[in-house]
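Summary of the model geometry
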Amino acid sequence: IGARFRQELPKNPFLLNSLGRIMDGDCQPELWAPVVDIIAALALEEAARQEIGSTQSIVPKLMHAFVRPDDVNNPSNDRSLRKAAGEALANLTMKSTDNCWAILLAEQGHNLIKKLIDMLDDEYYICAVANLLHNLCANSRDKLMEIDLGESVQLESALTKVRVSLDQSLLI
């Protein structure tokens, strides 16, 4: 039933627009949690993943919530909301070069890779960050090299850190 529901929901043109409007900041921040959970669940389906990625406002808002939580205008002061935003981004980047590129280009001036590497030190976010880094590397190697050679060089150390961090978290 869940898979069928995920397939049918993106066909409703008002759903993604409504989710995007809720995240635009005019609505109460406590509404973000269910919206982010819905996006993460929808993004498990390939067609929905592409539809969400093509919606201009959703990916930047998720990036803002996940990568820049210290921003005063950011409603994601809640760690669980931040983690959910990371999981939604990881789901959106599964087998989706377009969504990976959208994320990389949206955060081009904000040193995204370095921020994600730094987030690996927080055990609470490690799975979401590791999945997001993995998907970005797997689906957009060429774009990573085009964007900034410095960040590309850091990827090698990031992937090593992901593997070590995940191995340690599995041992605990």
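This text gives an overview of the structure that appears in the document. It should be emphasised that the depicted structure is a prediction, and the values quoted were computed from it without experimental measurement.

1. As for the overall build of the protein chain
Helices and strands together make up the secondary structure of the protein chain, namely 11 helices and 0 strands. Secondary structure elements of the protein chain, listed N to C terminal, follow the sequence α-α-α-α-α-α-α-α-α-α-α. A buried classification covers 43% of the 172 residues belonging to the protein chain. Of the accessible surface of the protein chain, which amounts to about 9,300 Å², a share of 53% is contributed by carbon and sulfur atoms.

2. With respect to the side chain of Thr55
One can find Thr55 in the loop between α4 (46-54) and α5 (58-67). Among the residues examined, Thr55 registers a relative accessible area of 15% and is labelled buried.

3. Comments concerning unusual backbone geometry
A positive phi is found at Lys95, a non-glycine position, where the angle reads about 50°. Summarising the element assignment, Lys95 is placed in the loop between α6 (79-92) and α7 (97-106).

4. Some words on the nonpolar core
Among the nonpolar cores identified, the biggest contains 43 residues, and Ile39, Leu62, Phe66 and Leu116 are the most heavily contacted of them. Of all the secondary-structure elements, those providing two or more residues to this core are α2 (13-26), α3 (32-42), α4, α5, α6, α7, α8 (112-119) and α9 (126-139).

5. Digging into α7
All of the buried residues along α7 are Asn99, Cys100, Ile103 and Leu104. All buried residues of α7 lie within an arc of 135° about the axis, which places them on one face of the element.

6. A few points about α8
When we look at burial in α8, the residues that qualify are Leu112, Ile113, Leu116, Ile117 and Met119. Axial view of α8: buried residues confined to an arc of 160°, hence all on one face.

7. As for the pattern of salt bridges
By the definition in use, this model includes 2 salt bridges. For the salt bridge of Arg79 with Asp122, the shortest nitrogen-to-oxygen distance reads 3.2 Å. Of the two residues, Arg79 is situated in helix α6 and Asp122 in the loop between α8 and α9; the sequence distance between them amounts to 43 residues. With relative accessibility at 39%, the residue Arg79 sits in the partly exposed group. Residue Lys114 pairs with Asp118 through a salt bridge whose shortest N-O separation is 3.2 Å. Of this pair, Lys114 and Asp118 both sit in helix α8, separated by 4 residues, roughly a single helical turn. Overall, the relative accessible area of 37% leaves Lys114 in the partly exposed class.

Reading the values: the criteria
- Residues numbered from 1 in each chain as written.
- Predicted model: local features only at pLDDT ≥ 70, side-chain atom pairs only at ≥ 80, totals over all residues.
- Heavy atoms only, no water.
- Helix = DSSP H or I, 4+ residues; strand = E, 2+ residues; numbered from the N terminus.
- Buried < 20%, exposed > 50% of the residue type's maximum accessible area, 1.4 Å probe, protein only.
- Areas by Shrake-Rupley, 256 points an atom, 1.4 Å probe, with all protein chains shown as cover.
- Core = buried A, V, L, I, M, F, W, Y, C linked by side-chain atoms within 4.5 Å.
- Arc of directions from axis to C-beta.
- Salt bridge = Lys/Arg side-chain N within 4 Å of Asp/Glu carboxyl O.

It is worth stressing that arrangement in space is one thing and function is another; only the former is reported here.
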